[in-house]
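Analysis of the macromolecular model
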Amino acid sequence: MKVVALAGGVGGAKLVDGLAKILSPDVFSVIVNTCDDFEYFSLRISPDVDTVCYTLADIANPETGWGRKDETWIAYHEITKLGIPNWFKIGDKDLATHLLRTTRLKEGKRLSRITDELCKGWGIKHKIFPMTDDMVRTIVKTTDGNALGFQEYFVHQACRPVVSEFDFQGAANARPVVAALDAIEDCDIVVIAPSNPWVSIDPILAVPGYKEAILKKPVVAVSPIVGGKAIKGPAAKMYEELGIQPSASAVAEHYKDFLDGFVFDNIDNNELRKIQRWRIIPLVTDIVMKNKQDRVRLAEEIVTFSETILNRSR
Ligand code: FO1
């Protein structure tokens, strides 16, 4: 069975890691959000791509999920000592990634080709596709009338502002990575990882071509909301600020136009009927990935679940 996952930051990367442990590179690939990308000290940062790759290469910081494990902060402290504002923490190992990516971009290389080069260097065999080679970025509109770059909102202002709208700048005119579209067309099922629907998955679907391609495929999504809360990040806060009660069923509703199966946590079993009303097949299980074994266990359950969905549609 061929699987393509759509993923964003830390939560999505954990499931991608579990799936990559049980599915070989010829049957599993990943399309990653690049709307969190930004320039910092003139370096091009692609946080979600790096988080997925670092996690797959087992070099991710286990506490934060982003950045590198066993990191050193010499360059970071030297910059700070110079009194330069330094709110986005880049470690020395992580810096190497941004230096290489920025240099290659200046040489005219596309982000997808640069990601291939980085993956080769990190020993990652699975195909990791940035969603586009074009420059896109999430602008977070807030109720006090500001329009913030995503990292300004997420890191510098620690998700405090109240959101009112998201603008995926450049997405409507961005071109999908052709090989990523081919991977969807060639796959048996698409898995939407437990990433933030608003700012990790919606940006991928905003790039022309992806939504049309996944509409032709069975789709399974995994809830990033458990017991009304996000496992990590501002997803639940965003739901509340957008006037929607954060819940597993709210996530299923977000995707319901193209969803065949939905994986959510035992704690939200009370949402079962609501989700079934949208003719979505449920898988209720423990979806909180506390360790690497959980990632593989959940991935195995999702693969089995996907096979039952495929058998139904045949
Ligand atoms: N997140 C933070 O909360 N603080 C940081 O200083 C920070 C630095 C950072 C550096 C590289 C990188 O790839 C990610 C980094 N992140 C940081 C996480 C990043 O903001 C998020 O991972 C995504 O944008 C949302 O998933």
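This report concerns the structure included in the present document. (Residues numbered from 1 in each chain as written. Predicted model: local features only at pLDDT ≥ 70, side-chain atom pairs only at ≥ 80, totals over all residues. Heavy atoms only, no water.)

1. Quick notes on the packing of helix 2 (residues 47-56) against helix 4 (residues 92-106)
Running from N to C, helix 2 and helix 4 cross one another at 125°; their axes reach a closest spacing of 12 Å. Considered as vectors, helix 2 and helix 4 are oriented oblique to each other. Considering how the two elements wind past one another, helix 2 and helix 4 form a crossing that is right-handed. Only Asp 94, Thr 97, His 98 and Arg 101 of helix 4 make contact with helix 2, whose side of the interface consists of Val 49, Asp 50 and Tyr 54. (Axes fitted to C-alpha atoms, helices over the stretch in contact; angles between N-to-C directions. Helix = DSSP H or I, 4+ residues; strand = E, 2+ residues; numbered from the N terminus. Parallel < 35°, antiparallel > 145°, perpendicular 65-115°, else oblique. Left-handed = near helix turned anticlockwise from the far one by under 90°. Contact = heavy atoms within 4.5 Å.)

2. Some details on the pairing of strand 6 (residues 137-142)
In this structure, strand 6 lies alongside strand 8 (residues 163-169), joined through 6 bridges in antiparallel fashion. By the bridge assignment, Arg 137 is partnered in strand 8 with Gln 169. One ladder, built from 3 bridges, connects strand 6 with strand 7 (residues 147-149); its direction is antiparallel. Directly across from Val 140, in strand 7, lies its bridge partner Leu 148. Taken together, strand 6 and the strand that follows it, strand 7, pair antiparallel across an intervening segment of 4 residues, in which Gly 145 is found at a positive phi of about 85°. (Pairing = 2+ DSSP bridges.)

3. A closer look at the site of the ligand
In the region of the ligand, 13 residues are neighbours, and Asp 36, Asp 48, Phe 88, Lys 89 and Gln 151 sit closest. One nitrogen or oxygen atom from the side chain of Asp 36 is found 3.0 Å from an oxygen atom belonging to the ligand. Of all the cavities here, the one that holds the ligand is the largest pocket. Contributions of two or more residues to the shell around the ligand are made by helix 2 and helix 6 (150-156). Among the residues making up the shell around the ligand, the classes are represented as 7 nonpolar, 2 polar and 4 charged. (Near = heavy atom within 4 Å. Polar contact = N/O pair within 3.5 Å; in protein donor to acceptor, adjacent residues only side chain to side chain. 1 Å grid on protein atoms, 1.4 Å probe; cavity = no way out; pocket = protein on both sides within 12 Å on 5 of 7 lines; lining within 4 Å. Sits in = over half its atoms within 2 Å of the grid points. Nonpolar A, V, L, I, M, F, W, Y, C, P; charged D, E, K, R; others polar.)

4. So, a nonpolar patch on the surface
A cluster of nonpolar side chains, contributed by Phe 41, Leu 82 and Ile 84, occupies part of the molecular surface with about 300 Å² of accessible area. Taking the relative accessible area as the measure of exposure, Phe 41 reaches 40% and is therefore partly exposed. (Patch = residues over 30% accessible without salt bridge, like charges linked within 9 Å, V, L, I, M, F, W, Y side chains within 5 Å. Areas by Shrake-Rupley, 256 points an atom, 1.4 Å probe, with all protein chains shown as cover. Salt bridge = Lys/Arg side-chain N within 4 Å of Asp/Glu carboxyl O. Buried < 20%, exposed > 50% of the residue type's maximum accessible area, 1.4 Å probe, protein only.)

5. Brief notes about the sheet that holds strand 6
With antiparallel pairing, the 3 strands of this open sheet are ordered in space as 7-6-8. The open sheet has two edge strands, strand 7 and strand 8, and neither has a second partner. With strand direction ignored, the average angle separating the axes of adjacent strands in the sheet is 30°.

6. A short note on the sheet that holds strand 13 (residues 261-265)
With parallel pairing, 7 strands are arranged side by side in an open sheet as 5-2-1-9-10-13-14. Since the sheet does not close on itself, it has two edges, and those belong to strand 5 (127-130) and strand 14 (281-285), each with one partner. Across the sheet, the mean angle from the axis of one strand to that of its neighbour is 20°, orientation sign disregarded. Summarising the sheet, strand 9 (residues 189-192) and strand 10 (residues 219-222) pair through 3 bridges and their orientation is parallel. Each residue of the ladder has a partner; that of Val 190, found in strand 10, is Val 219. Against the sheet, helix 8 (residues 197-206) touches strand 1 (3-7), strand 2 (28-32) and strand 9, its axis set at about 115° to strand 1.

So far we have only geometry, and geometry alone does not tell us how the molecule works.
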